[in-house]
Every structure is written in structure tokens, then in C-alpha cells.
Amino acid sequence: MLALGAGGAALLAAGGAGVLGARSGGSRAAARTARPTAPFDPQTARDVLANRSRAVAGGDRTAFLATVSSAPAAFQDAQARLYDNLRRLPLDGWTERFAGTESANAEGGAAVVRVETRYRLRGFDRGDVARTRHLAFAPRSGAWTIVGDGSALGRRDDAEIWDAGPLTVVRGRSSLVIGDGGGLQGIAKHLDVAVPVVTGVVGKNWAQRAVALVPADERLAAALAGPDESLGQIAALATVAPSAGGGRGEDRVIVSPGTFGRLNALGRTVVLTHELTHVATGGATDRTTPLWLIEGFADYVGYKHAKVSVKSAASELRREVKAGRVPSALPAAADFAGSSDHLSQAYQEAWLACRMVAGRYGEATLVRLYRAAGRSPEAAALRSVLGLTRDRFVAQWRDYLKKELT
């Protein structure tokens, strides 16, 4: 994530049951079905799901919609949008698999099943992504058929970009941008420019490509970002879609339509380069690297070619420093929370700490520090790479803030 102050370049930054309910149209009609004379057989669901998977692969819209022909009209419409969006995506496979029965005796005798959806984006994903969905089956004319989702049992589906309105797909040199939001061509151009900038700092040992999801609905953007995420001040966020094989998963950049839309061209470049740095470095998933270094390093790369002064980009922090309130410690993890009153200053403090390292010791040393901090505690990394105690590093940083911001 990236949170930048409102001053200077006006860079703003730092997560949908309602969306999902609107998508599905609900499944309350299941309550009006008669109880079946025979128990629900999971093989029935497997057969229906296999038919749906074949219909998507073969481009057979009629066969796909036949699997929901007994469902309420709102659900049928949502499934039609789903199919149309799937056909717009560069899919290298899309399958639905039976993953378990949530209830074989739901309202009115319906059976709610858990479905594992697997897919891969051609040319970008190394493995299959796995998402969990829920479908309700009920007997119609002697056969079990899909009549809705799992909302009758309070089940929530994993959000995906195909839950948006009619999708547009833009393919850049090194990017794939998908969404029903605006400015997709521009986002692809920003990402294409950002890839070599990031590679120039971190090296070529990463995919050197990016997938960005750009929903028009802020609630869907929050759901795509992950459980309990809040995108209030976030313009974009790097996340990982879960792997079907239990591996690391596939990288995604989620663009928050409201906040990102308020950025100027410079802000968009900095934000997307920042998020792409997280993609290239794996987002420091080691749980060892301090957050100030994770976010400060991404900001350092994001600002690398930005033509904006330090005083403008760090305007909130500058006001604090000029008033004699120089921070006494590097920002803690809590300072980067979306609800933090210190959010903008935390990012600015972290950025200037990394900028100081690159300016005094060289960019390669900053990269070495980042990597060392993923293998050993912060104090040990500072000592081994910079030859400084943590206290001495903080003292240098505080002097640097006063020099750069006053």
C-alpha cells in the first residue's frame, strides 16, 4: 500500500457482502421448492459443474445458462454477466469443482454446496488460482439444478473481477489490466513504464509483468483486496490470489477507483510503481522485514524518477519538523494502519529513511539492507550492512529529516 499526503503532488493513499449479494440475486426462491423424495447426491453437482466448465471452455452460452434455467430471474441475469465476463478474459482454463456439501437440508430442502473455482490468466499466471464459491441446488422436474447461491446459509463467496459489470481487458507490453472502471489504457501505460524502473533497482529475478484489477465499485475493490481490508485512503494495493496447489499464489494489483481517480499523473505513476515494487519483492512476506523498510523501499522506487521535491512530497512531515516536532523513532507497524492519524507522515518518514541510505551508502546497499532484513532482525541487518547500531541509524535519520525538510 501507499499513503501520501494531500500536499504537493496531491498523492493520496494509505477492504463486500453487499457487492456479492447484488451479484447473485440471492437464492431465497429455494424456500419455495418441495422437498425431494431422494437425498441429494453430490455426483449430481459434479456433473452440473462439469457441464458449466465445458460450456465456458467451448464458448457455449446456451449450455451454461441452461444450468440455471430454474433459478430466479435476478440470479440468471447475474450468471449471464458472469459468463460474458469469463469469455472476455484471457483464460488458460476455468473449472468449477465440487468441494463439499454445506447443507443437504437447507431451506425448502435445497442443498448448498461449496465450489472450488480454478483459473489461470494466459501469459501471466504461473499456476492455477483457486477461489471458493457457493451454489444452491434444488429438485426441478425430477432433477437437481442450480437455483441460487449460498446466501440462505450466510455463505460468502470469494470476490473476483468477473463479479464486476461488463469487463474490458487491456494488454500492455508487460501488463494485463482488467475491469469495468475507467482509465484502463492509462493504467497499462503506467505499469509498462514502471516495470523497467522496478527491475532497474531490484534486478531481473521476478516476473517483470503485472496484472491489475480495476473495478468501478469501491465495495468490490475492497472485497478483492482481502478480508477486513479498508481502502478508505488507499489508491492501490498489491495482493496475492491464492494458489490451487498451495504455493505462493498469483500477484494482483487492486486499484481503488475513488482514491486512484483523484490522483494526478505523477501520483498514479508513483502509486503503481510503489505497488509493483511490492510485487517484485514478494511484499516481504517473511514476517521479519520491518514495515517501515517495506513501505519506505517501495516509496523509494516509486519516487525514483518523479520530478517532485522532497519538501513537496513530504509536506505533512515537513510541517512537523519545521515546528520542532522531529520524530524520535522510526514509524511502527501501527502507524501504517488505515485508521492511523499518523499515516501520511509514517510513509514519508519511511521513504526518507530509505532515501537517506541510498544517498549516503548507494542504492545497491539499500537493496542489500532490504534483503538482509528479511533474513535477520532489524538491528542485526543495520549492523551487518551499514555498520550502525539502530540508535545511531535513527540519529542519522533525524538529522537527515531536519536537513531535507527545513
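All values derive from a computational prediction rather than experimental measurement.

**Focus on the pattern of salt bridges**
Under the defined criterion, the tally for this structure stands at 18 salt bridges. Among the ionic pairs, Asp84 bridges to Arg61, the shortest N-O distance being 2.9 Å. Taken together, the positions of Asp84 in helix H4 (residues 73–88) and Arg61 in helix H3 (residues 61–66) put the pair 23 residues apart, joining distant regions of the chain. Classification of Asp84 by relative accessible area gives partly exposed; the value is 24%. When the shortest N-O distance is used, the salt bridge between Arg114 and Glu102 registers 2.4 Å. With Arg114 in strand E2 (residues 111–121) and Glu102 in strand E1 (residues 91–103), the pair connects residues that are twelve residues apart, well separated along the chain.

**As for unusual backbone geometry**
Glycine aside, a negative phi is what most residues show, and trans is what most peptide bonds show. In this structure, Ser141 is a non-glycine residue whose phi angle is positive, near 55 degrees. Here Ser141 shows up in the loop between strand E3 (129–140) and strand E4 (143–148).

**Some words on the nonpolar core**
Counting 72 residues, the largest nonpolar core has Val177, Ile187, Leu276, Trp292, Phe297, Leu352 and Phe393 as its most contacted members. Beyond its immediate chain neighbours, meaning those up to four positions away, Leu352 contacts Val310, Ala314, Leu317, Trp397, Tyr400, Leu401 and Leu405. One finds Phe64, Phe75, Leu176 and Leu224 within the second-largest nonpolar core, a separate group that totals 50 residues.

**Here we look at the sheet that holds E2**
Backbone hydrogen bonds are what pair the strands of a sheet, in a parallel or an antiparallel way. Taken in spatial order, the four strands make up an open sheet running E1-E2-E3-E4, and their pairing is antiparallel. Two strands bound the open sheet, and with one partner strand each, they are E1 and E4. With strand direction ignored, the average angle separating the axes of adjacent strands in the sheet is 40 degrees. By the bridge criterion, five bridges tie E3 to E4 in an arrangement that is antiparallel. Pairing of Pro139 across the sheet is with Trp144, part of E4.

**Brief notes about helix H11 (residues 315–322)**
Taken together, the buried positions of H11 are occupied by Ser315, Glu316, Leu317 and Val321. Packed against the buried residues of H11 are helix H10 (310–313), helix H12 (343–361) and helix H15 (390–405). Just beyond H11, the residue with positive phi is Gly324, at close to 85 degrees.

**Regarding the pairing of strand E7 (residues 210–214)**
With respect to burial, E7 is a largely interior element, five of its five residues being buried. Burial of E7 is two-sided: the residues Ala210, Ala212 and Val214 facing one way and the residues Val211 and Leu213 facing the other way are all buried. Here strand E6 (residues 175–179) pairs with E7 via five bridges, running parallel. Counted as the bridge partner of Ile178 is Leu213 from E7. Handedness of the crossover joining E6 and E7 through helix H5 (residues 184–202) is recorded here as left-handed.

**Focus: H15**
Between the first and last C-alpha of H15 there are 22 Å, a value that for 16 residues agrees with the 22 Å anticipated at 1.5 Å per step. Every buried residue of H15 is listed here: Phe393, Val394, Gln396, Trp397, Tyr400, Leu401, Glu404 and Leu405. Projected onto a plane normal to the axis of H15, the buried residues spread over an arc of 160 degrees and lie on a single side. In this structure, H15 carries Asp391 and Lys403 as exposed residues pointing more than 90 degrees from its buried face.

**Thoughts on the packing of aromatic side chains**
All chains considered together, the criterion is met by nine aromatic pairs. Both rings, one in Phe64 and one in Tyr83, keep their centres 5.4 Å apart while their planes meet at 40 degrees; by these two values the pair is tilted. Placement of Phe64 in helix H3 and of Tyr83 in helix H4 is noted, with a sequence separation of 19 residues between them. Across the pair, Tyr83 and Phe64 agree in class, each one buried. Taken together, the aromatic side chains of Phe40, Phe137 and Trp144 make up a single cluster linked through ring pairs.

**Here we look at the sheet that holds strand E5 (residues 168–171)**
Strands sit in the order E5-E6-E7-E9-E8 across an open sheet of five strands; the sheet is mixed. Here the strands that pair on one side only, and so sit at the sheet edges, are E5 and strand E8 (236–241). Strand after strand, the sheet turns through a mean of 25 degrees between neighbouring axes, direction not considered. Pairing of E8 with strand E9 (residues 250–255), which is carried by six bridges, proceeds in the antiparallel orientation. Pairing of Ala238 across the sheet is with Val253, part of E9. The sheet contacts of H5 involve E5, E6, E7 and E9, and relative to E6 the element is tilted by about 155 degrees. Sheet contacts for helix H6 (residues 218–225): E7, E8 and E9; angle to E9, the most-contacted strand, approximately 155 degrees.

**Regarding the confidence of the model for the chain**
For the chain, per-residue confidence averages 88 on the pLDDT scale, and 88% of positions sit at 70 or higher. Low pLDDT, under 50, characterises residues 3–37; the stretch is placed with 116 contacts to residues that sit more than four places away or in other chains.

**Some remarks on empty space enclosed by the protein**
What the second largest cavity holds in volume is close to 120 Å³. Forming the walls of the second largest cavity are Phe124, Asp125, Arg126, Ala207, Arg209, Ala210, Val211, Glu250, Asp251, Arg252, Val253 and Val279. Listing elements by their share of the lining of the second largest cavity, those giving two or more residues are E7 and E9. Partitioned by chemical class, the residues of the lining of the second largest cavity number six nonpolar, no polar and six charged.

The rules we used
Residues numbered from 1 in each chain as written. Predicted model: local features only at pLDDT ≥ 70, side-chain atom pairs only at ≥ 80, totals over all residues. Heavy atoms only, no water. Salt bridge = Lys/Arg side-chain N within 4 Å of Asp/Glu carboxyl O. Helix = DSSP H or I, 4+ residues; strand = E, 2+ residues; numbered from the N terminus. Buried < 20%, exposed > 50% of the residue type's maximum accessible area, 1.4 Å probe, protein only. Core = buried A, V, L, I, M, F, W, Y, C linked by side-chain atoms within 4.5 Å. Contact = heavy atoms within 4.5 Å. Pairing = 2+ DSSP bridges. Axes fitted to C-alpha atoms, helices over the stretch in contact; angles between N-to-C directions. Right-handed = clockwise from strand over helix to strand, strands pointing away. Expected span 1.5 Å × (residues − 1). Arc of directions from axis to C-beta. Phe/Tyr/Trp six-rings, centres within 6.5 Å; stacked < 30°, edge-to-face > 60°. pLDDT = per-residue confidence, 0-100. 1 Å grid on protein atoms, 1.4 Å probe; cavity = no way out; pocket = protein on both sides within 12 Å on 5 of 7 lines; lining within 4 Å. Points joined across faces, edges and corners; volume = space filled by probe spheres on them. Nonpolar A, V, L, I, M, F, W, Y, C, P; charged D, E, K, R; others polar.

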